[in-house]
Every structure is written in C-alpha cells, then in structure tokens.
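What follows is the residue order along each chain.
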Amino acid sequence: ITVVAKDGGGRLHGADVVFSATTTVTVNVEDVQDMAPVFVGTPYYGYVYEDTLPGSEVLKVVAMDGDRGKPNRILYSLVNGSDGAFEINETSGAISITQSPAQLQREVYELHVQVTEMSPTGSPAAQATVPVTIRIVDLNNHPPTFYGESGPQNRFELSMNEHPPQGEILRGLKITVNDSDQGANAKFNLQLVGPRGIFRVVPQTVLNEAQVTIIVENSAAIDFEKSKVLTFKAVDPDTGPWGEVKYSIYGTGADLFLIHPSTGLIYTQPWASLDAEATARYNFYVKAEDMEGKYSVAEVFITLLDVNDHPPQFGKSVQKKTMVLGTPVKIEAIDEDAEEPNNLVDYSITHAEPANVFDINSHTGEIWLKNSIRSLDALHNITPGRDCLWSLEVQAKDRGSPSFSTTALLKIDITDAETLSRSPMAAFLIQTKDNPMKAVGVLAGTMATVVAITVLISTATFWRNKKSNKVLPVRRVLRKRPSPAPRTIRIEWLKSKSTKAATKFMLKEKPPNENCNNNSPESSLLPRAPALPPPPSVAPSTGAAQWTVPTVSGSLTPQPTQPPPKPKTMGSPVQSTLISELKQKFEKKSVHNKAYF
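Being a predicted model, the structure only gives us computed values, none of them experimental.

Caption draft 1: Structural context of the sheet that holds strand β21 (residues 209–216). One open sheet accounts for five strands, arranged β15-β14-β16-β21-β19; its pairing is antiparallel. Either end of the sheet is taken by a strand with one partner, and the two such strands are β15 (151–152) and β19 (199–202). Across four bridges, the pairing between β19 and β21 is antiparallel. Note that in β21 the partner of valine 202 across the bridge is threonine 213.

Caption draft 2: Quick peek at the sheet that holds strand β9 (residues 73–80). One open sheet holds the four strands; their spatial order is β6-β13-β12-β9, and the pairing between them is mixed. The outermost strands of the open sheet, each flanked by one partner alone, are β6 (44–49) and β9. Along the sheet, successive strands turn relative to each other by an average axial angle of 30 degrees, direction set aside.

Caption draft 3: Examining the UniProt feature "domain: Cadherin" (unreviewed entry) in the protein chain more closely. Within this numbering scheme, the UniProt entry marks residues 1–39, 40–146, 229–314 and 326–426 as carrying the feature "domain: Cadherin" (unreviewed entry). This span, residues 1–39, is 0% helix and 46% strand, and a straight line between its end C-alpha atoms measures 37 Å.

Caption draft 4: View of the pattern of salt bridges. Throughout the structure, instances matching the rule amount to eight salt bridges. Measuring nitrogen to oxygen at the nearest pair gives 3.2 Å for the salt bridge that ties glutamate 149 to lysine 174. Here glutamate 149, found in the loop between β14 (145–148) and β15, pairs with lysine 174, found in the loop between β15 and β16 (175–178); they are 25 residues apart in sequence, far enough to count as distant. Residue classification places glutamate 149 among the exposed positions, given a relative accessible area of 67%.

Caption draft 5: Local environment of the packing of aromatic side chains. All chains considered together, the criterion is met by seven aromatic pairs. Taking 5.8 Å as the distance between ring centres and 20 degrees as the angle between the ring planes, the aromatic pair formed by tyrosine 250 and tyrosine 285 counts as stacked. Placement of the pair is tyrosine 250 in strand β23 (residues 246–250) and tyrosine 285 in strand β26 (residues 281–289), with a sequence separation of 35 residues. An angle of 80 degrees between the planes, with centres 5.6 Å apart, marks the rings of phenylalanine 358 and tryptophan 390 as edge-to-face. You can see phenylalanine 358 sitting in strand β33 (residues 358–360) and its partner tryptophan 390 sitting in strand β35 (residues 389–398), a full 32 residues away along the chain. For phenylalanine 358, a relative accessible area of 9% corresponds to the buried category. By relative accessible area, which is 3% here, tryptophan 390 ends up buried. These aromatic residues form a ring-pair network of at least three members: Phe257, Tyr282 and Phe284. Here lysine 287 stacks its cationic end above the ring of tyrosine 295, 4.5 Å away from the centre of that ring.

Caption draft 6: Region of the structure containing the pairing of strand β27 (residues 295–303). Pairing geometry for β26 and β27, over nine bridges, is antiparallel. In the sheet register, asparagine 283 faces β27, and the bridge partner there is phenylalanine 301. Connecting β26 to the antiparallel partner β27 that follows it, the hairpin turn spans five residues, and glycine 293 within it adopts a positive phi of roughly 90 degrees.

Basis of the calculations
Residues numbered from 1 in each chain as written. Predicted model: local features only at pLDDT ≥ 70, side-chain atom pairs only at ≥ 80, totals over all residues. Heavy atoms only, no water. Pairing = 2+ DSSP bridges. Helix = DSSP H or I, 4+ residues; strand = E, 2+ residues; numbered from the N terminus. Axes fitted to C-alpha atoms, helices over the stretch in contact; angles between N-to-C directions. UniProt positions renumbered as here; feature names shortened; annotations may be inferred. Salt bridge = Lys/Arg side-chain N within 4 Å of Asp/Glu carboxyl O. Buried < 20%, exposed > 50% of the residue type's maximum accessible area, 1.4 Å probe, protein only. Phe/Tyr/Trp six-rings, centres within 6.5 Å; stacked < 30°, edge-to-face > 60°. Lys NZ or Arg CZ within 6 Å of the ring centre and 35° of its normal.

As structure tokens, this is what we get:
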C-alpha cells in the first residue's frame, strides 16, 4: 500500500507550496484457524459380503482442514451407529469390520464419523461430522432345507386309507422348510414331483421359512388296487444345479462396468475413469440365466454423483469493459461441475483503488458505481490521475465443499450518456467493444430484415400479377435509322420539276368581293387539297432563269386513302380535273421524297 503524507501548505519565496512524502507499506496476511474441517468425496457408501473376513477394510473417508495456509492435524472417530461391528483408523480414516458377517444383526448400518482438528498444543479444535452407510450384501449360497420333528430330514413317510375325501390334509406329516439367506435370496418356490393331479402342496411360495401342508386333490387316484405306494418329492426348483444363476451385462454403457457372475454385484472397470461432467448417467442390461438356459433381463440405470473438482473459470484473466454512467457492466465465470451447489458461483471485489467506488452483485456478477457517484466530475475528483480508467480484481468462488476460487483483472473505461449521444455510431461501437458478437448479430439482423422485406415485396408482386392474370408487355426501343444527307443534284432536279408543274397548273382566282359574297361557281367547290400558295418572290437577277418552288403546308405526310366526298356543286370540269391530277402527283412525290423535306 502506498501512503502519501502532505502538509497544510505555505508560502516559500513568495509562492504557495505544498510538500509531500510517500512510503510503501507491505501487509502480509497470515492464515488463522477459523475454518472447520471438510470431508471430500461425500456421500460415503460401503458394502460387506458374507465372505468378508473380520478386519477387512470396508471403505475410507477423507477430510482436510479448511484453513489452507497452516492446516492442523486431524483425527477420525466413530460417534455412533456401529454397534461394535466396525472401527475406524484415527489417522487414515479407513473403516474396517470387526465381526463375521454372519454375526451382524442388521442389513444396513448408519455410521457417523467425526473428524477433529488438533491444535499445535495438542488440544481439540474445530470438528465436523459426516454420515456413512454400510450395507450387508447377502449371497444366495444357502439352499432351502427341510426339517422334521427331530431336525433336518430328507425323507417323510405316511400311511393312509384309499379314497380319502377330496381336500383332506395329510395330518401325519410335519414338514418345515427354511432358507437362511437374507432378503430376496431367501425367497423360493415349492412343488410336488411325481404323479400329477393327486396331491398339491401349500404354500407354493416361501420367504425364509414356512410350514409345508399336503392336500388331497384327486381322491379316485388314491386306489390300493392300482398302487400301494405313492412317492413324491417336496422340491425347490431354484435349488441345486438349476438354482445356480449366472449374471452378465451387455449394452452400450456396459464397457465401463463389471458384474460378479454369482453375486450380481456391479462395479467399475479398474481402468475406468468416470466423470459426472462428461456423462452423469449410464444404462445397460443385466442378464440372469440358470443352467437350463432360462433367463431374465433387467435394465440398470447408474447415476454418478458430482464431486466439486472444477474451480470457476473466467473467459480471460484480464478483461476490458466500457461502463456508461447509470448502466452496469457484467463479468462472468463458468464452473464446469455438473450439479448444484458445486457449480454455483459467487462474485466479490477483492481489490480496488480507491475503495468504495464500485458495488457488485454476488450472484450475477454485475458491477456498477455507487449511488454517490453520479457524474464524471465526481470520478475525476477521486481519481489520482483524474482519468476514468479503473482496475478491479474480481473473485469468483463456487459453493462446493471444499470450495474453489479464481480471480480476474477487470479494466473499466467509464463514460457518460452525453458523450455517447454526440455520435450514435461511437456509442454503438463502445457498447459492442466488450462483445464483438453483438455487433455481428446486429449486422446480421439488419441484413436479414432487408432480405425479408425484399422477399415479401417480390412475393406480393408475383401473387398480384398472377391473380390479375396479366402478362406485362415487353418494351422495345426502336431507333430510327438516320436519313442520308440530301444530294444537291436531286434537290435541284426536284426544284426544277416542281416549279414547272406549279407553273403549268397555276390557277387564277378572282379577288373576293368587298361584301364578302363568294357565291360564284368557282367558290362553291369544296377544297380537295390545300390551295397552292403563290411562288416566292425572288430578287431579280440577270443570271439563269428563275425557278419557282411551291410550298405545300402539311401535305408531306400520307393521308388516309378515303374517297373524297363529292361536292354539292361542280365547277368547271377542266379546273376539277387539273386540281385532282395536281394533288395526286404531289401526294406521290411527298411520300417518296418525304425525307428530303
């Protein structure tokens, strides 16, 4: 820690001065015995078999001091639940059986193991307790045994009269059957082997022990003349060679496991390494088969219990983020353990200069400025370099037992909303600087929206045209071939010929009356073509003869070939003929030589 000392200031040589001095203080943190011991690998389960010898180790428990800096020595002990059948090594934590399994009175034992820290002075310190479950596994190695009045007996005899009443009990027989196995292994069936339909045995299914009763079922078959002696066996079909069951496993998940062929105990392969984070559940099939080849199949599901063996991990050990005033930033660590609480992470700020500037949400990892800091000026006043770049050390710690933690350095660049509002693009780049995939997502979303709108418009246009059943015309642009430049010789010839024709067919008209009365025979004719204008006046010249070129207005485009209406009154036949002939010639010439005018 750097400590700065400043005086109150004063004047030196006429100027205000402030003197200061700095020093570095190093603080060494020592571990204090304030954490209780913790067990590793819980829960604990153990199994004892009928062939287990006294003194054999059943399982081992492991504990460690919660204070990692200077751990104390720990000792193990059994609190209760053993009934003198088990003991524990106080230093190693190994639990052993002290009696023969045949002497055990229970199928399940719930032990409580206590671990105690021993201080350097030798006095007991912190303690912790964990339950341990030990199950006595029975082997199906005891066949059913028949007992008479004097003990085990394998032959029973009885004399009776022929044709007894149907349903009568053979009262002269006192048979008891017993199986000394435990649990399901002590269950067996009874049946009579011999002539069928004469007697029946009760009960047919026995658990551990039962009194055997034989009842008459067919009275007519018990006939002295037919048979003087009837011999039967009270037999368990599951005993002897036919009662031996062999177990085997198969399936996709069976390669990591083994099964005891006679006991059915399932355990892992010696080389197998099971990880709950990779695969937490396995399933395979178990086949039980007797000597005759009869078998049954059952599906087995195995669930792995998670152990806290993964610490939380940050994406990067050094991270940079941009904070806008009033908006938090988030840091995240991932714990790869499979189950809660081993994969739950708590966050805390372990180091910041100066302190009391930031708060953090211990569950989500969101970091924000304290409520007292609401502007950049307030930040400048408490920042040594009057800047807005901060460095924080953030710790992520899981909730497992024992717990693991990791730290990351977070550099925060602080700005305000006003600065961002000046440039929307700069604001977007700042907001996405910590998460480049966000910018890619926004760009991809924009492009997808444009494509979607284009597809909608195209689809709507297509269906509108299809619905209207209209075929849109194909527009073709035809360019007119440029006309060749007119030749001087042809123009002169045309001028000469036109002048002669005009001169030949020039008409003389009378001047109109002053009273606008044009009722003369000539004026009563309907015009077949525009009247020819007088030849243009040309300045007199002493050169060649003058050519008169007529000017026809609007007569160069082809006219509809319709027969002209007949005039109501005809004028002079000579004039009508001349005018018609002149009009036809001019129409032919205008069509042929239209480009030259």
